[in-house]
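Tertiary structure, described
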Amino acid sequence: RRKLYPAPYPDIPYSEDSAKRISGDIPSLVLVIKSTNEFSSSVFAITTQKLGTPISQLLFPGIRKPLITLEDPREIEDIVLRRNKEFDKAPTAIDIFSPMFPHASISQYTTPKLKAQKRLWADVMSTEFLRKAAAPNIHKATLELLDLWELKASTIYRGQAFKCHEDFRNAALDAIWVAVVGEEPGVTRYEINKLQDQVRGNTGSHNSLPPPRGVFLKEEVAYIGDTIARNSNSPVPKWSQKIETYSSRYRKFRNTVTSEISLAMGKAVERFQRLELGKLEVDELDTCMMDLVLRRQVVEAKKNDKPLADPTKDLNILDEMFVMLVGGHDSTANALTWFLPSVTDILETNIPYLDAACEEIVRLAGVAKGNLRQAIVDTEILGYKIPKGAEIFMNYHIDRTPVPVARSKRSVGSQAAIDKHGDGLQSNAGHDLGDFELRRWLVNDKDTGKDVFNAYALPSIAFGGGYRGCAGRKLASMEIRIVVTLLILNFEFLELPSEYRAMSATEKIFRQPDFPYIRLRPL
Ligand code: HEM
């Protein structure tokens, strides 16, 4: 019977009351989740925040190890950036994606196989490649979003607030799909056509254009996102995910998306196969991320004089693409939706101001609230002993002042980072962290008297960091920058009715705002 009770790690703070019952912290956790719809912030609310400590633990019945929770942004940054020899991805994080996409890098521990796979994809996320292949498409998708909103704001929603989350999801799907696969899904264009029909009074479906393929893809991507979110909140996420993979709905997802990607792959491979070595090595030929990866494989096969393995059967490539499509559209759509209520702050657009705005959007949105690492050796965090195998759940959302920590408790790397960049959390940059205040990212340059952007004003952990940090960070940042700039140049954002001005959220894979409304006046 003793074995059923929680078995806290000695030394690390925990709730004494929870340790006395078999169910540990679960009853308190369930209560808070019910009232907030947010899993991750509920975990921090009943552990670190309730105990007033930077590190603590969430207790489960004795069959499951406690989950260490960590809220100190400096130490989190140090763990993800500089302590890769001590911490790797945690099983709980791996289990979310691995049953469905076992070959994607997000589902793997850091091994030589993963390193090779990351090398293959690294170049598609280089700034140079993104500028060439992704930026024009993101720009185009955003212009279509502007068309849609101009039409909404000047016809059916004149002067009224309307929901913008779905529109952002559509635009983000248009952008990520064409960036990864090279084909345009046309979801936003279809919404514009539908609305134009409605405005003209043609509501009968016979008058409308047939939906483009993108509309079906959207359903598939939405299904997988919702399913992963639902299953990751179930008692044993790994099994729920595994069971889902046997369902006919999952097979439909896999078949629809694979056949769509295979079509595009077929065309790309045909184009590359026709070219000789010497002409094939230039990346001018690539129109999307998939092209770059396939072209390299064609070059490799030609060099070795071997037939090209069928890429439509290559699960490493397919799974990686699935994750980019699913993870890459809801994340940016949510971050952008969070930014809208405070967008008037960005009107004085000089460039440091824009940099600061984009950084502040990502910080305050907290779309990926928390993430996990596993200790791969016996080690310490903030002076507490962390045994090998322990999982640490870290708060990546800096929206409150952290509990003070003595400098001597910090790791050597964390102290050195403070010496190098200063401790922004203790200075002006760290004030009122629950507010959108982009000036926290600006410092005045004494020589020129101008404000300059300081990327180190606060730890930047919204994308995690280090080797296992977000693979799409550059793409997401570029997308946010383009979208923000175009929106500001084209619309005046009017004040919302008070009932829509709440910051509450629902956490699925990402945190999405409960009140995603805007009121626009086209400029
Ligand atoms: C605002 C947008 C986004 C945010 C806030 C975000 C956040 C994150 C976070 C917090 C992690 C975990 C990192 C860690 O534990 O250190 C992650 C991982 C990842 N993200 Fe993103 N992400 C965003 C957009 C994207 C996009 C656009 C893509 C792809 C096109 C993407 C692909 C990935 C992948 C593949 C991983 C797994 C990396 C690994 O396991 O090594 N993300 N993301």
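Criteria and cut-off values
Residues numbered from 1 in each chain as written. Predicted model: local features only at pLDDT ≥ 70, side-chain atom pairs only at ≥ 80, totals over all residues. UniProt positions renumbered as here; feature names shortened; annotations may be inferred. Helix = DSSP H or I, 4+ residues; strand = E, 2+ residues; numbered from the N terminus. Rg over C-alpha atoms; globule rule 2.2 N^0.38 Å. Buried ≥ 20, exposed ≤ 12 C-beta atoms within 10 Å, placed from the backbone. Contact = placed C-beta atoms within 7 Å. Core = buried A, V, L, I, M, F, W, Y, C linked by C-beta atoms within 7 Å. Pairing = 2+ DSSP bridges. Near = placed C-beta within 6 Å. Nonpolar A, V, L, I, M, F, W, Y, C, P; charged D, E, K, R; others polar. Axes fitted to C-alpha atoms, helices over the stretch in contact; angles between N-to-C directions. Parallel < 35°, antiparallel > 145°, perpendicular 65-115°, else oblique. Left-handed = near helix turned anticlockwise from the far one by under 90°. Expected span 1.5 Å × (residues − 1).

The protein chain is annotated in an unreviewed UniProt entry as Cytochrome P450 of Xylaria bambusicola. Entered under Cofactor (unreviewed entry) in the UniProt record, the comment concerning the protein chain runs "heme".

Bringing the overall build of the protein chain into the picture now. The helix and strand tally for the protein chain stands at 18 helices and 15 strands. Against the 2.2 N^0.38 benchmark of 24 Å for 523 residues, the protein chain shows a C-alpha radius of gyration of 24 Å, consistent with a compact globule. For the protein chain, with 523 residues in total, the buried portion stands at 43%. Within the protein chain, counting contacts between residues at least 6 apart in sequence, those at least 24 apart form 73% of the total.

What follows covers the environment of Met-289. You can see Met-289 is positioned in helix α14 (residues 289–303). Overall, the presence of 25 C-beta atoms within 10 Å leaves Met-289 in the buried class. Met-289 sits 131 residues away from Lys-420 along the chain, and the two C-alpha atoms are 36 Å apart. If we ignore the near neighbours within four places in the chain, the residues touching Met-289 are Val-124, Ala-133, Ala-179 and Val-180.

Counting residues in each nonpolar core, the largest one holds 119 residues, and the members touching the most others are Ala-179, Val-180 and Met-290. In terms of residue count, the dominant contributor to this core is helix α9 (residues 165–181) (11 residues). Setting aside its immediate chain neighbours within four residues, Ala-179 contacts Ala-133, Ala-134, Asn-137, Cys-288, Met-289 and Leu-475.

It is worth spelling out the pairing of strand β8 (residues 391–395) at this point. Of all 5 residues in β8, 5 are buried, a share of seventy percent or more. Of the two faces of β8, the one holding Glu-391, Phe-393 and Asn-395 and the one holding Ile-392 and Met-394 are both buried throughout. For strand β2 (residues 67–70) and β8, the ladder comprises 4 bridges, and the chain directions are parallel. Each bridged residue has a counterpart across the sheet, and for Leu-67 the counterpart in β8 is Glu-391. Direction of pairing for strand β5 (residues 370–375) relative to β8: antiparallel, over a ladder of 5 bridges.

Around the ligand, a shell composed of 26 residues is seen, among which Gly-328, Ala-368, Gly-464, Cys-470 and Gly-472 lie nearest. When contributions to the shell around the ligand are tallied by element, the ones reaching two or more residues are α15 (315–339) and α18 (473–490). It is α15 that contributes the most residues to the shell around the ligand, 7 residues altogether. Class assignment of the residues belonging to the shell around the ligand gives a composition of 15 nonpolar, 10 polar and 1 charged.

Time to look at the packing of helix α5 (residues 73–82) against helix α17 (residues 412–421). The N-to-C vectors of α5 and α17 enclose an angle of 110°; their axes lie 9 Å apart at closest approach. By the angle class used here, α5 and α17 are roughly perpendicular. Helix-helix and strand crossings are classified by hand; for α5 and α17 the assignment is right-handed. Between α5, through Arg-74, Glu-75, Asp-78 and Arg-82, and α17, the contact on the second element is made entirely by Gly-413, Ser-414, Ala-417 and Ile-418. Of the residues in the contact of α5 with α17, the class split is 2 nonpolar, 2 polar and 4 charged.

To continue, consider the sheet that holds β2. Spatial strand order, β1-β2-β8-β5-β3: 5 strands in an open sheet with mixed pairing. The open sheet has two edge strands, β1 (55–58) and β3 (87–89), and neither has a second partner. Across the sheet, the axes of successive neighbouring strands diverge by a mean angle of 35°, strand direction being ignored.

Relative to the 38 Å expected for 26 residues at 1.5 Å per residue, helix α13 (residues 248–273) spans 36 Å between its end C-alpha atoms, a close match to the ideal helical length. Buried residues of α13: Phe-253, Val-257, Ile-261, Ala-264, Met-265, Ala-268 and Phe-272, and no others.

Further remarks concern the UniProt feature "binding site: heme" (unreviewed entry) in the protein chain. Feature annotation in UniProt assigns "binding site: heme" (unreviewed entry) to the following positions: Cys-470. If you trace the backbone, Cys-470 turns up in the loop between β10 (451–453) and α18. Those residues in contact with Cys-470 that sit more than four places away from it in its chain are Phe-463 and Gly-464.

Two elements in contact, helix α2 (residues 26–36) and helix α3 (residues 39–46), have axes whose closest approach is 9 Å; the angle formed by their N-to-C orientations is 135°. As summarised for this structure, α2 and α3 are arranged oblique, according to the angle between their axes. Crossing handedness for the pair α2 and α3: right-handed. Here Ser-28, Leu-29, Val-32, Ile-33 and Thr-36 of α2 lie close against α3, whose contacting residues are Phe-39, Ser-41, Ser-42, Val-43, Ala-45 and Ile-46. Among the residues making up the contact of α2 with α3, the classes are represented as 7 nonpolar, 4 polar and no charged.

This part covers the environment of Lys-388. Within the secondary structure, Lys-388 is located in the loop between β7 (384–386) and β8. Lys-388 gets classed as exposed once you count the C-beta atoms within 10 Å, which come to 11. Between the alpha carbons of Lys-388 and Arg-501 there is a distance of 45 Å; along the sequence they are 113 residues apart. The residues touching Lys-388, leaving out its near neighbours within four places in the chain, are Ala-375, Ile-376, Val-377 and Asp-378.

Within the fold, Lys-115 resides in helix α7 (residues 112–122). For Lys-115, a count of 13 C-beta atoms within 10 Å gives the class partly exposed.

Once that is clear, we can look at the pairing of β5. For β5, a buried count of 6 out of 6 residues is recorded, marking the element as mostly surrounded by other parts of the structure. Covered by surrounding structure in β5 are Gly-370, Leu-372 and Gln-374 together with Asn-371, Arg-373 and Ala-375, the residues of both alternating faces. Direction of pairing for β3 relative to β5: antiparallel, over a ladder of 3 bridges. Along β5, the bridge assignment pairs Phe-87 with Ala-375.

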